[in-house]
Amino acid sequence: MRIAMTGKKELLQKDVYWKGSLTVEACYLLPLIFLLIWNVLYLALYLYNQSVIVQGSYCTALRTERWIGSQEQRIEEAERKYAAAVEQKIAVGRVDREVIVGTDGVTVRSGLTMEAPGGRFFLSIWRGKQEQRADRWEPVSFLRACRKAENIWQIVQTGMG
């Protein structure tokens, strides 16, 4: 009987020894898990902002190139279109822009600056730069390209039939 009692006592001592170990491990792991989840969510916001900037910059350049008017009117129109396409859709961060309307086309340069999560504790800033360009639109060359594509399509249809 005494042997059985000793075994029970040792088991109780082992239970007391391991009590609280899960709490200590959780104190180390949970902040790391939360930081990882927070950074993944912030990365998603960063990628969303970058895609908004790329699309908005390109649409601004393309639509401004096809705008008919004086140089000042085209620049004003580009600023208005950029504000509607990019600045109103950005989730977080700061956007710097430069719109260049020239005789050979329109160039839109954009920069995104986002402070990383925990910016007060870790000094890191996420930056991205984009440059989108729309060449000068020439209706005659556009129509020629469309006719070539139409001719190629006709050749493909007759070759398959």
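Above this text you will find the structure in question.
No experiment lies behind these values; they were computed from the predicted model shown.

Undergrad: Just checking my understanding: could you explain helix α3 (residues 71-87) for this structure?
TA: Since the α-helix turns once every 3.6 residues, residues separated by three or four places project in the same direction. For α3, built from 17 residues, the straight-helix expectation of 24 Å at 1.5 Å per residue is met to within 8% by its first-to-last C-alpha distance of 23 Å. If you check which residues of α3 are buried, you get Arg-74, Glu-77, Ala-78, Lys-81, Tyr-82, Ala-85 and Val-86. Taken end-on, α3 shows its buried residues confined to a sector of 135°, consistent with a single buried face. Of the residues in α3, the exposed ones pointing more than 90 degrees away from the buried face are Glu-72, Glu-76 and Arg-80.

Undergrad: Before we go on, may I ask you to explain the environment of Ser-110 in this structure?
TA: Checked against the element boundaries, Ser-110 lands in strand β2 (residues 105-115). The buried category is assigned to Ser-110, whose relative accessible area is 4%. Separated by 15 residues in the primary sequence, Ser-110 and Val-95 have C-alpha atoms spaced 6.8 Å apart. Dropping the residues within four chain positions of it, Ser-110 is found in contact with Ile-53, Ser-57, Tyr-82, Asp-96, Arg-97, Gly-128, Lys-129 and Gln-130. Here Ser-57 takes part through its side chain, which lies 2.8 Å from a polar atom of the side chain of Ser-110. Here Tyr-82 takes part through its side chain, which lies 2.7 Å from a polar atom of the side chain of Ser-110.

What counts and what doesn't
- Residues numbered from 1 in each chain as written.
- Predicted model: local features only at pLDDT ≥ 70, side-chain atom pairs only at ≥ 80, totals over all residues.
- Heavy atoms only, no water.
- Helix = DSSP H or I, 4+ residues; strand = E, 2+ residues; numbered from the N terminus.
- Expected span 1.5 Å × (residues − 1).
- Buried < 20%, exposed > 50% of the residue type's maximum accessible area, 1.4 Å probe, protein only.
- Arc of directions from axis to C-beta.
- Contact = heavy atoms within 4.5 Å.
- Polar contact = N/O pair within 3.5 Å; in protein donor to acceptor, adjacent residues only side chain to side chain.

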